[in-house]
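Each chain, letter by letter, is given below.
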Amino acid sequence: MIDVDNCYVSCERAFRPDLNGKVCVVLSNNDGCVVARSNEAKAMGIKEGTPFFQLPQLFPGKEIYAFSSNYELYADMTRRLMNIVRNSAPEFHRYSIDEGFCILDGMSSDEMKSWGEELHKKILKGLGMPVSIGIARTKTLAKMASKYAKRYPGYHHCCLIDNEEKREKALRLFPIGDVWGIGRRWEERLRGIQVETAWDFAALSQSYVRLSFNVIAERTWLELNDTDCIPVDDMEMVTKKSVCTSRSFPNMITSKEVLRPHIANYAARCAEKIRRQHSVSSVVGVFIDTNRFRDDLPQYGMFRTRSLPTPSSSTQTLIEAAMDCLDRAFVQGYHYKRAGVILMDISSDRSIQTDLIDYHAEQYQKLRKLDKVVDHLNQVYGTETLICGSQQYPSKDADGKATHFADAIRRDRKSPNFTTRWSDLLIVK
């Protein structure tokens, strides 16, 4: 298991090495709350989810470096990192934005340990980002080992669990709530029967686990007991059954015309997401909500959907459906703070069943070709190089240029997109 240490913070520090050892946090959309913390921030007591405006009150006089979320940078940096891992491992499966599994067959324990330590050095030299590596005979134990590698410097960023003595020691010291596959509800149930550690859970009988929980819990039990049983397919980034893009607005919105470009951009982002996983959607949904924290204002929330006669991933088709949903959901007279678009009933784009009475079905292939060209140009020349007219925000920046989706939220502390935009290339003096 390869796991990036404090991923978002590490991406920021890669271009700001002067912040190594300093208290750093990354904020959510609109600079709302803390979503990522450096080790120094964790040690100081900053909790995930803490509202940003509360930090000066909670930690008066403390120097805290805060960054607005820059997901374009994080996605590209982790892509580069995973490519280094992929080229270094006999077999690699990416699991999430900052995690991946490698299958190491035919290596001795010493060879695996050396391989892990060298991989950490290669990634640190190539990208300036630290990783923690866990090696074991099962994927659950490997994930556990990566956490030990992250916590204890003595492992030199690579923890190896390769015998029974190490396995038992690791399980006895590992809280049950931190075990991969054990959610909050199962944690509460297990603590209710005095299961506090991974060792306590592994000591239960297999039949009891199967009858009291389900096959997923039994699989976790087998993995902790040194039986590798999680299929390789389960380690790949899963094809999503529904996709959502939503945001809170910096200021409340009362006009539908101001709300429309937000919804259009959410639909466009959803379309890009399902195209990347080679899927199409049959149902488009839009929700709008007022600010529930404003007791002095009337409250309203609505969710509307529209079914498509032919499943689609076309940006134009999905925006059109989202606009129809917005028209039916919007009610004048309220102050809207949040909205979003959800794509549901997602299936593969390899076998699309068209509707007999959908007279525009023959246009879908043309739209798919158009989307392919637009996606390519946006990838080469930068996000939002080409957009639909409905995605255009009415406001302008200081230079008279139209506001883009990425800039339509408050990100006062955003770092440049060093690796994806020519205009943001790092200047070396």
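Everything that follows concerns the structure shown earlier in this document.
Residues numbered from 1 in each chain as written. Predicted model: local features only at pLDDT ≥ 70, side-chain atom pairs only at ≥ 80, totals over all residues. Heavy atoms only, no water.

**Points about the overall build of the protein chain**
Part 1: Secondary structure assignment for the protein chain yields 14 helices and twelve strands.
Part 2: Here the C-alpha radius of gyration of the protein chain, 24 Å, is about what a compact globule of 429 residues would show, namely 22 Å.
Part 3: By principal-axis analysis of the C-alpha atoms, the protein chain measures approximately 65 × 60 × 45 Å.
Part 4: Among the 429 residues that make up the protein chain, the fraction classed as buried is 45%.
Part 5: For the protein chain, restricting intrachain contacts to residue pairs at least 6 apart in sequence, the fraction spanning at least 24 positions comes to 66%.
Part 6: Only carbon and sulfur atoms are counted for the fraction: they give 51% of the accessible area of the protein chain, which is about 22,700 Å².
Part 7: Looking at charge distribution, the protein chain has the averaged site of its 60 positive side-chain charges lying 3 Å from that of its 55 negative ones. (Helix = DSSP H or I, 4+ residues; strand = E, 2+ residues; numbered from the N terminus. Rg over C-alpha atoms; globule rule 2.2 N^0.38 Å. Buried < 20%, exposed > 50% of the residue type's maximum accessible area, 1.4 Å probe, protein only. Contact = heavy atoms within 4.5 Å. Areas by Shrake-Rupley, 256 points an atom, 1.4 Å probe, with all protein chains shown as cover. Lys, Arg positive; Asp, Glu negative; His and termini not counted. Charge placed at Lys NZ, Arg CZ, Asp CG, Glu CD.)

**Some points on the nonpolar core**
Part 1: Ranked by internal contacts, the top residues of the largest apolar core, which has 33 residues, are Ile2, Leu81, Val85 and Cys102.
Part 2: For this core, the element with the highest residue contribution is helix α4 (residues 71–88), accounting for six residues.
Part 3: Not counting chain neighbours up to four residues away, the residues in contact with Val85 comprise Ile2, Phe92, Cys102, Leu119 and Ile123.
Part 4: Formed by 32 residues, the second largest nonpolar core is a distinct cluster that contains Val284, Val286, Ile288 and Ile346. (Core = buried A, V, L, I, M, F, W, Y, C linked by side-chain atoms within 4.5 Å.)

**Let's talk about the pairing of strand β10 (residues 279–290)**
Part 1: With eleven of its twelve residues buried, β10 lies for the most part within the structure.
Part 2: Both β10 and strand β12 (residues 336–348) contribute to a ladder of eleven bridges, which runs antiparallel. Paired with Val286 across the bridge in β12 is Val341.
Part 3: For β10 and strand β11 (residues 301–312), the ladder comprises eight bridges, and the chain directions are antiparallel. Its bridge partner lying in β11, Ile288 is registered against Met302. (Pairing = 2+ DSSP bridges.)

**Focus: helix α11 (residues 215–224)**
Part 1: Counting buried positions along α11 yields seven of ten residues, so the element is predominantly enclosed.
Part 2: Within the sequence span of α11, burial applies to Ala217, Glu218, Thr220, Trp221, Leu222, Glu223 and Leu224.
Part 3: Next to the buried residues of α11 lie α6 (139–151), α7 (164–172), α8 (184–192), α9 (198–202) and α10 (206–212).
Part 4: Its side-chain oxygen 3.0 Å from the backbone nitrogen of Ile216, Asn214 forms the N-cap of α11.
Part 5: Directly beyond the C-terminal end of α11, a positive phi value near 75 degrees is found at Asp226. (Polar contact = N/O pair within 3.5 Å; in protein donor to acceptor, adjacent residues only side chain to side chain.)

**Brief notes about the packing of helix α12 (residues 256–276) against helix α13 (residues 315–329)**
Part 1: Relative to each other, α12 and α13 sit at 140 degrees, their axes nearing to 8 Å. Viewed along their axes, α12 and α13 adopt a mutual orientation that is oblique. With respect to the hand of their crossing, α12 and α13 are arranged in right-handed fashion. On α13, the residues touching Lys256, Leu259, Arg260, Ile263, Ala264, Ala267, Ala268, Ala271, Ile274 and Arg275 of α12 are Thr315, Leu318, Ile319, Ala322, Met323, Leu326 and Asp327. (Axes fitted to C-alpha atoms, helices over the stretch in contact; angles between N-to-C directions. Parallel < 35°, antiparallel > 145°, perpendicular 65-115°, else oblique. Left-handed = near helix turned anticlockwise from the far one by under 90°.)

**So, the packing of aromatic side chains**
Part 1: Enumeration according to the criterion identifies 15 aromatic pairs in this entry.
Part 2: Judged by centre distance (6.4 Å) and plane angle (70 degrees), the rings of Tyr152 and Tyr155 are edge-to-face.
Part 3: Under the relative-accessibility criterion, Tyr152 is labelled partly exposed at 42%.
Part 4: Look at Tyr155 and you get partly exposed, because its relative accessible area is 32%.
Part 5: We note Lys143 situated over the ring of Trp180; from NZ or CZ to the ring centre the distance is 5.7 Å.
Part 6: The positively charged end of Arg151 is found above the aromatic ring belonging to Tyr148, 5.8 Å away from the centroid. (Phe/Tyr/Trp six-rings, centres within 6.5 Å; stacked < 30°, edge-to-face > 60°. Lys NZ or Arg CZ within 6 Å of the ring centre and 35° of its normal.)

**Some words on the layout of surface pockets**
Part 1: Quantified by volume, the second largest pocket comes out at close to 670 Å³.
Part 2: For the second largest pocket, the lining is made up of 27 residues, of which Asp3, Lys42, Glu48, Lys147 and Lys150 are closest to its centre.
Part 3: Contributions of two or more residues to the lining of the second largest pocket are made by β1 (2–4), α1 (7–13), β3 (34–37), α2 (39–44) and α6.
Part 4: For the lining of the second largest pocket, the leading source of residues is α6, giving six residues.
Part 5: Its residues placed into classes, the lining of the second largest pocket shows eleven nonpolar, five polar and eleven charged. (1 Å grid on protein atoms, 1.4 Å probe; cavity = no way out; pocket = protein on both sides within 12 Å on 5 of 7 lines; lining within 4 Å. Points joined across faces, edges and corners; volume = space filled by probe spheres on them. Nonpolar A, V, L, I, M, F, W, Y, C, P; charged D, E, K, R; others polar.)

**Some thoughts on the sheet that holds strand β2 (residues 24–27)**
Part 1: Read from one edge of the open sheet, three strands run β3-β2-β4, paired in mixed fashion. With one partner strand each, in any of the chains shown, β3 and β4 (65–67) form the two edges of the open sheet. Neighbour-to-neighbour, the strand axes of this sheet turn through a mean angle of 30 degrees, independent of strand direction.

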